[in-house]
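A look at the structure
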Amino acid sequence: MSGKVALSGKLICASADEARLIRQFLPEHVRLTRLEPGCLSFEVTETDDPLVWLVEELFADAAAFEAHQVRTKASEWARETAAIRRDYSIRTLES
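Below is a short write-up of the structure. Along each chain, the written sequence defines residue order, and numbers are assigned to residues from 1. Residues qualify for local features only when their pLDDT is at least 70, as the model is predicted, and side-chain atom pairs are given and counted only at 80 or more; totals for whole chains, interfaces and linings, by contrast, use all residues. Hydrogen atoms and water are omitted, and side-chain values are computed over all heavy atoms in the structure.

Description of helix H2 (residues 62-73)
Over its 12 residues, H2 runs 16 Å from end to end, which matches the ideal 16 Å to within 8%, given 1.5 Å per residue. Burial classes: relative accessible area under 20% of the type maximum marks a residue as buried, over 50% as exposed, and values in between as partly exposed (1.4 Å probe, protein chains only). In DSSP terms, a helix is any run of H or I states spanning at least four residues, a strand is any run of E spanning at least two, and both are numbered starting from the N terminus. Buried residues of H2: Ala64, Phe65, His68 and Thr72, and no others. Across the axial projection of H2, the buried residues extend over an arc of 100°, all falling on one side. Relative to its buried face, H2 has exposed residues pointing more than 90 degrees away, namely Ala63, Val70 and Lys73. Looking at the buried residues of H2, the elements they touch are strand S1 (4-12), helix H1 (16-35), strand S2 (39-46), strand S3 (52-59), helix H3 (76-80) and strand S4 (85-93). Measuring from the backbone nitrogen of Ala63 back to the side-chain oxygen at the start of H2 gives 3.3 Å, which picks out Asp61 as the cap. The span one expects for a helix is its residue count, reduced by one, times 1.5 Å. Arc definition: it is the arc formed by the directions from the helix axis to the C-beta atoms. Contacts: residue pairs with any heavy atoms within 4.5 Å of one another. Any pair of nitrogen or oxygen atoms within 3.5 Å is treated as a polar contact; in protein, a donor-acceptor pairing is required on top of that, and neighbouring residues in sequence qualify only through side-chain atoms on both sides.

This is the structure:
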């Protein structure tokens, strides 16, 4: 039996223009992700640093996480924010 998959990390912008892209495209990305089967939680939160966002994701299992990755890679969010640095760690939580 596979466990839940958690992703934690940061989006780190190099400029105010990159931060503007996050603010523009993030709401729809969050909305679509939260509708995905197996998405248990999905939070992207601005920090005190206007160029950094905290990212916390939790999916029911590896299949749900992989489906999210596939959808995301083909999304407007991915195209528009591709240059923004991501610093993520992914772990499997025991059920």
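After that view of the structure, there is still more to cover.
A short note on the packing of aromatic side chains
Between the rings of Phe, Tyr and Trp (Trp by its six-membered ring), a pair exists once the centres lie within 6.5 Å; its type follows the angle of the planes, with under 30 degrees stacked, over 60 edge-to-face, and the other angles tilted. Inspection of the entire model under this criterion finds one aromatic pair. An angle of 70° between the planes, with centres 5.6 Å apart, marks the rings of Phe59 and Phe65 as edge-to-face. By relative accessible area, which is 9% here, Phe65 ends up buried.

These figures capture arrangement, not role.
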